[in-house]
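This is what each chain is made of:
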Amino acid sequence: MDWLVVAAPLLAELRNLRRPPRSRLDGKLRVYIPARGFDEPLAVTARHAVVVRDRDEECVERNCLRVDTVGKAAAVEGALRASDCEYAALFDSDVYFTPLDAASLAEAAGDGVATSYRLLYGRGFWGWVAAAASDVGFTLMGLSRFIWGGAVAGRADTLRAIYSGASRALSDDMYATRAAKRLGVPIRFLYLRLVGPAPAETPRGVFKRLVRQFAIASRQGPLLVKVGVALLAGWLALWAAYPYMFLVSALAGYLRRLALRAPCPPVYIPAAMLAPLFILAAAVSSFLIKEVEWRGARFKL
């Protein structure tokens, strides 16, 4: 059992290491950033993309598309509907990316879609706890492929198909993942250096954010994603008998960040050792809560 507890996350991430084949783009690529407010990275990334704004926000960027809806999923669907290019890429407004990142994803998509995952950085200790907790997404990606809407690309027609009707969805990630599974669209993963500031810098903020994310995944995701969340909770519960796993996991996360040239100061190690406790509590709570708060509104699950 000892070797299985240690090897489980490493075995899951071995799947992520397989780089998908790249194919030359035979058309134009357009990048979109669904945005609300003014996240820090947007000051840099807006020059590489069309910023998509809700109907109740003013367009201030040079390349801006204003849709007649409100909400990220609706903005994504509206942008794809308006796209006149053969390929499209979508990035969150709170991550830094380059045009090369967008092209790499589009080339890796092939006959499906390609996605990646972000690496957060903190300003204080609790921000680094949030960053380390977010890194578990790489393990979940290995257990069950899902579309992370913060970085996804492919042929525009394919993206339009999997995001069709997303305007009514709470989570564009889980909606697109379910649609891709239903339509038989392959989901490919590519490691990219996509960094962004942690959205929470307090213990309460870290926990609330994790609960919301896991609740949406465990209630609205496809079966394999739900199973992945349950397996993650069970695996973390085993750590009570194997406390050295807190250090093993922290070091694995630290090495991953070094390999991707992402921010990883020494404070990441103790923060990453504490993060699993927040993840376990949030994963268990996600199956019990009945509603979540998102963008200032409450949604029943």
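Here the structure is a predicted model, which is why all the values come from computation and not from measurement. (Residues numbered from 1 in each chain as written. Predicted model: local features only at pLDDT ≥ 70, side-chain atom pairs only at ≥ 80, totals over all residues. Heavy atoms only, no water.)

Asks: How would you sum up the packing of helix α10 (residues 223-237) against helix α12 (residues 268-286)? Please name residues and give values.
Replies: Between α10 and α12, the shortest axis-to-axis distance is 9 Å and the interhelical angle comes to 135°. In this view, α10 runs oblique relative to α12, as classed from their interaxial angle. As for the relative orientation of α10 and α12, their crossing is left-handed in sense. Two secondary-structure elements touch here, α10 through Val229, Leu232, Ala233, Leu236 and Ala237 and α12 through Pro276, Ile279, Leu280, Ala283, Val284 and Ser286. (Axes fitted to C-alpha atoms, helices over the stretch in contact; angles between N-to-C directions. Helix = DSSP H or I, 4+ residues; strand = E, 2+ residues; numbered from the N terminus. Parallel < 35°, antiparallel > 145°, perpendicular 65-115°, else oblique. Left-handed = near helix turned anticlockwise from the far one by under 90°. Contact = heavy atoms within 4.5 Å.)

Asks: Give me unusual backbone geometry: which residues, what numbers.
Replies: For Arg261, which is not glycine, the phi dihedral falls at a positive 55°. In this structure, Arg261 sits in the loop between α11 (244-259) and α12.

Asks: I'd like a description of the sheet that holds strand β7 (residues 151-155), backed by residues and values.
Replies: Spatially, β3-β2-β1-β4-β7-β5-β8 is the arrangement adopted by the seven strands of the open sheet, whose pairing is mixed. Each edge of the open sheet is held by one strand with a lone partner, namely β3 (64-66) and β8 (187-189). Averaged over all neighbouring strand pairs, the angle between strand axes comes to 25°, with direction disregarded. Pairing geometry for strand β2 (residues 50-53) and β3, over three bridges, is parallel. Residue pairing for β3: Val52 is matched across the bridge by Leu65. (Pairing = 2+ DSSP bridges.)

Asks: Describe the pairing of β7, and please don't skip the residues or the numbers.
Replies: β7 sits mainly inside the fold: four of its five residues count as buried. Of the strand pairs in this sheet, strand β4 (residues 87-91) and β7 are connected by five bridges, and their pairing is antiparallel. From the neighbouring strand, Ala89 faces β7, where its bridge partner is Ala153. Pairing between strand β5 (residues 113-115) and β7: three bridges, direction antiparallel. Residue Val113 lies in a different strand from β7, and its bridge partner there is Gly154. (Buried < 20%, exposed > 50% of the residue type's maximum accessible area, 1.4 Å probe, protein only.)

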